[in-house]
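Close look at the chain arrangement
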Amino acid sequence: MDHKSETLMKVLITGATGFIGTSLTNFLLDNGLEINYLTTSKAKIESTVNYKGFYWNPEKNEIDSKCIEGVDYIVNLSGKSIGCRWNSKNKKEILESRINSSKALYKLLETNNHSVKKVISASAVGIYKNDVRKLQSEAETNFNSNFLGTVCKQWEAENEKFKSLGIETLIVRFGLVLSDKEGALPKFTKAIKNYVGSTFGTGDQWYSWIHIHDLVRIIDFGVKTETTGVINAVSPYPKTQKDFLATLSRTLERKILLPAIPSSLLKMVYGEMHHLLTDSQKISANKLLNLGFEFKYPLLKDALRNFYSQNQKV
């Protein structure tokens with residue numbers, strides 16, 4: 001790990017100003033790495049000693065080739081959030097934003113001299129089948145055929161192509177990312193604090209979750225080690241939705257008073273997006289553990305305490 005002190009390691013991040021990208025950028029900068037980042041907003045371009053922005057428009061395959069000068073690793077987090085209504089327009093944008101960004105990076109690396117050793121790309125545990133019983137690992141090949149599963153399969157296939165340029169690839173399948181700032185957790189928290197929290201469907205569906213800090217540490221681990229292939233970024237201790245809410249309500253010192261919301265009602269309200277709430281993916285973290293990664297927040301109660309205990313009124 002000390003080899004970074006000889007020359008600063010440089011990482012190019014796409015999606016650097018998003019929810020996960022912001023945390024990752026701050027973490028890597030704090031650990032002495034140099035960051036280049038790509039943004040579709042010219043207003044978000046900054047340039048400091050170790051943090052430089054470059055413009056791109058993946059839809060039009062426009063990219064500033066200076067962004068890869070001196071870069072050792074690329075972390076590709078680019079893509080429209082799935083936390084929107086899954087109508088045909090949004091579904092098209094969710095898929096194309098991921099595919100186009102990967103294609104633009106491929107073209108950039110194919111047509112320019114560079115020193116990139118590895119591309120680390122995001123994916124999601126939504127690629128796995130909806131299954132309440134089975135613990136699913138990276139060895140699984142029988143994937144989900146729903147919208148999210150299809151997006152992940154196409155996205156991953158696009159990112160596997162970097163290997164044909166002689167560049168290592170690592171695909172990181174994100175679980176439910178927990179942060180008190182963005183994502184699903186603040187929504188659950190608000191509902192429970194206002195006594196309108198409730199179980200979704202049976203509540204027996206598994207949530208394979210990950211603390212945002214552990215997620216950025218997993219990506220950092222991908223940069224600092226020889227890890228390649230596919231890896232699940234999930235805590236070793238998934239929770240059923242019922243247990244997840246019970247742990248959160250205990251942390252927030254609130255009771256859950258409302259009965260469970262039937263799946264049929266969730267489907268009516270959220271449409272196809274209800275799969276994010278009701279599907280079950282019990283995902284294994286064994287590969288990551290066997291590689292020597294140590295979680296800071298393996299247990300949900302500790303992850304939630306990290307976000308909320310200091311804010312609690314005694």
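To be clear, the structure that these remarks concern was listed above.
For the structure given in this document, a descriptive report is provided here. Please read these numbers as outputs of a predicted model, since none were measured by experiment. (Residues numbered from 1 in each chain as written. Predicted model: local features only at pLDDT ≥ 70, side-chain atom pairs only at ≥ 80, totals over all residues. Heavy atoms only, no water.)

**Details of the overall build of the chain**
Put simply, the rule is: Only DSSP runs of H or I with at least four residues qualify as helices, and only runs of E with at least two residues qualify as strands; both kinds are numbered from the N terminus onward. The reference for a compact globule is 2.2 Å times residues^0.38; the radius of gyration itself is calculated from the C-alpha atoms. Any residue under 20% of the maximum accessible area for its type is buried, any over 50% is exposed, and the rest in between are partly exposed; the area is computed with a 1.4 Å probe on protein chains only. Throughout, a contact is declared for two residues whenever any of their heavy atoms are within 4.5 Å. To measure how exposed things are, a 1.4 Å probe is used in the Shrake-Rupley method; for residues, cover is taken only from the protein chains shown. In this tally, Asp and Glu contribute negative charge and Lys and Arg positive charge; neither His nor the terminal groups of the chain are included. Taken as the charge centre is NZ of Lys, CZ of Arg, CG of Asp or CD of Glu, depending on the residue.
Looking only at helices and strands, the chain features 10 helices and 14 strands. On C-alpha atoms alone, the chain measures out to a radius of gyration of 20 Å, which is about the 20 Å that the 2.2 N^0.38 rule sets for 314 residues. Principal-axis analysis of the C-alpha atoms places the extent of the chain at approximately 60 × 45 × 40 Å. The buried share of the chain, reckoned over its 314 residues, is 49%. Partitioning the intrachain contacts of the chain with sequence separation of at least 6 by distance along the chain shows that 77% fall at a separation of at least 24. Counting every atom, the chain has about 15,000 Å² of accessible surface; 51% of that belongs to carbon and sulfur. On the chain, the mean spot of the 42 positive side-chain charges and the mean spot of the 32 negative ones are 7 Å from each other.

**Some words on the side chain of asparagine 90**
Looking at the secondary structure, you find asparagine 90 in helix α2 (residues 88-111). Setting aside residues up to four positions removed in sequence, asparagine 90 forms contacts with Lys80, Cys84 and Arg85.

**Thoughts on the packing of aromatic side chains**
One pair of aromatic rings is described through two measures. These are the centre distance and the angle between the planes. Let me state the cut-off plainly: Aromatic contacts are taken between Phe, Tyr and Trp rings whose centres are within 6.5 Å, Trp giving its six-membered ring; a plane angle under 30 degrees counts as stacked, one over 60 as edge-to-face, and the others as tilted. Throughout this description, the term charge over a ring refers to an Arg CZ or Lys NZ atom that lies within 6 Å of the ring centre and within 35 degrees of the ring normal.
Within this structure, the stated rule accounts for 11 aromatic pairs. Ring plane angle 65° and centroid distance 5.6 Å describe the contact between tyrosine 207 and phenylalanine 244, whose orientation is recorded as edge-to-face. Highlighted residues: tyrosine 207 in strand β10 (residues 206-207) and phenylalanine 244 in helix α6 (residues 241-252), separated in sequence by 37 residues. Each of the two residues, tyrosine 207 as well as phenylalanine 244, counts as buried. The interplanar angle of 80° and the centroid separation of 5.6 Å between the aromatic rings of phenylalanine 221 and phenylalanine 293 together place this pair among those described as edge-to-face. Taken together, the residues phenylalanine 221 in helix α5 (residues 212-224) and phenylalanine 293 in the loop between α9 (286-290) and α10 (300-308) connect sequence positions 72 residues apart. In this pair, the class of phenylalanine 221 matches that of phenylalanine 293, namely buried. Three or more aromatic residues link up through ring pairs in this structure, and these residues are Phe188, Phe200, Tyr207 and Phe244. Directly above the ring of tryptophan 155 sits arginine 98, whose terminal nitrogen or CZ lies 4.7 Å from the centroid. In this arrangement the basic side chain of lysine 282 is found over the ring face of tryptophan 206, its NZ or CZ atom lying 4.4 Å from the centre.

**Digging into α10**
We apply this condition: The directions from the helix axis to the C-beta atoms form the arc being described.
The complete set of buried residues in α10 reads Leu300, Ala303, Leu304, Phe307 and Tyr308. Looking down the long axis of α10, one finds its buried residues gathered within 115° of arc, a one-sided arrangement. In this structure, the buried residues of α10 make contact with β9 (176-178), α4 (185-193), β11 (209-211), α5, β13 (239-240) and α6.

**Examining the environment of isoleucine 74**
Within the secondary structure, isoleucine 74 sits in strand β5 (residues 73-76). What makes isoleucine 74 buried here is its relative accessible area of 0%. C-alpha of isoleucine 74 to C-alpha of histidine 213: the two residues are 139 residues apart in sequence and 19 Å apart in space. Those residues within four positions of isoleucine 74 in sequence are excluded, and the remaining contacts are Leu12, Ile68, Leu105, Leu109, Val116, Lys118, Val119 and Ile120.

**Quick look at the pattern of salt bridges**
Cut-off, in case you're wondering: Think of a salt bridge as a Lys or Arg side-chain nitrogen and an Asp or Glu carboxyl oxygen that are within 4 Å of each other.
For the structure shown, the criterion picks out 14 salt bridges. The partner of lysine 89 in a salt bridge is glutamate 93, with the nearest N and O atoms 3.0 Å apart. Placement of both lysine 89 and glutamate 93 in helix α2 is noted, with a separation of 4 residues, approximately one turn of the helix. Between glutamate 272 and lysine 91 there is a salt bridge, with the nearest N and O atoms lying 2.6 Å from each other. Here the residue glutamate 272 occupies a position in the loop between α7 (263-270) and α8 (275-278), and lysine 91 occupies one in helix α2, the gap between them amounting to 181 residues.

**Observations regarding the packing of α4 against α10**
Filter applied, for reference: Inter-axis angles, ranging from 0 to 180 degrees, are taken between N-to-C directions of lines fitted to C-alpha atoms, where helices are fitted over the stretch in contact. Should an angle lie under 35 degrees it is considered roughly parallel, over 145 roughly antiparallel, and from 65 to 115 roughly perpendicular; all remaining angles are considered oblique.
Between α4 and α10, the least distance of the axes is 13 Å, while the angle of their chain directions is 80°. It follows from the interaxial angle that α4 and α10 lie roughly perpendicular. Residue-level contacts link Leu185, Pro186 and Thr189 of α4 to Leu304, Phe307 and Tyr308 of α10.

**Re a nonpolar patch on the surface**
Going by this rule: The patch calculation keeps residues exceeding 30% relative accessible area without a salt bridge and links them within 9 Å when they carry like charges or within 5 Å when they are nonpolar (Val, Leu, Ile, Met, Phe, Trp, Tyr).
A surface patch of nonpolar side chains, amounting to about 390 Å² of accessible area, comprises Leu265, Met268, Val269 and Tyr270. Secondary-structure assignment places methionine 268 in helix α7. By relative accessible area, which is 64% here, methionine 268 ends up exposed.

**Things to note about the pairing of β5**
Heads up, the condition is: Here, any two strands with at least 2 DSSP bridges between them count as paired. Every crossover in which the path from the first strand over the helix to the second runs clockwise, viewed with the strands pointing away from the viewer, is termed right-handed.
Burial of β5 is two-sided: the residues Tyr73 and Val75 facing one way and the residues Ile74 and Asn76 facing the other way are all buried. Judged from the 4 bridges that link them, strand β1 (residues 10-14) and β5 form a sheet pairing that is parallel. The residue bridging valine 11 from the neighbouring strand is tyrosine 73, located in β5. Alignment of β5 against strand β6 (residues 118-124), held across 4 bridges, turns out to be parallel. Bridging from a neighbouring strand, valine 75 pairs with isoleucine 120 of β6. Between the parallel elements β5 and β6, the chain passes through α2 in a crossover that is right-handed.

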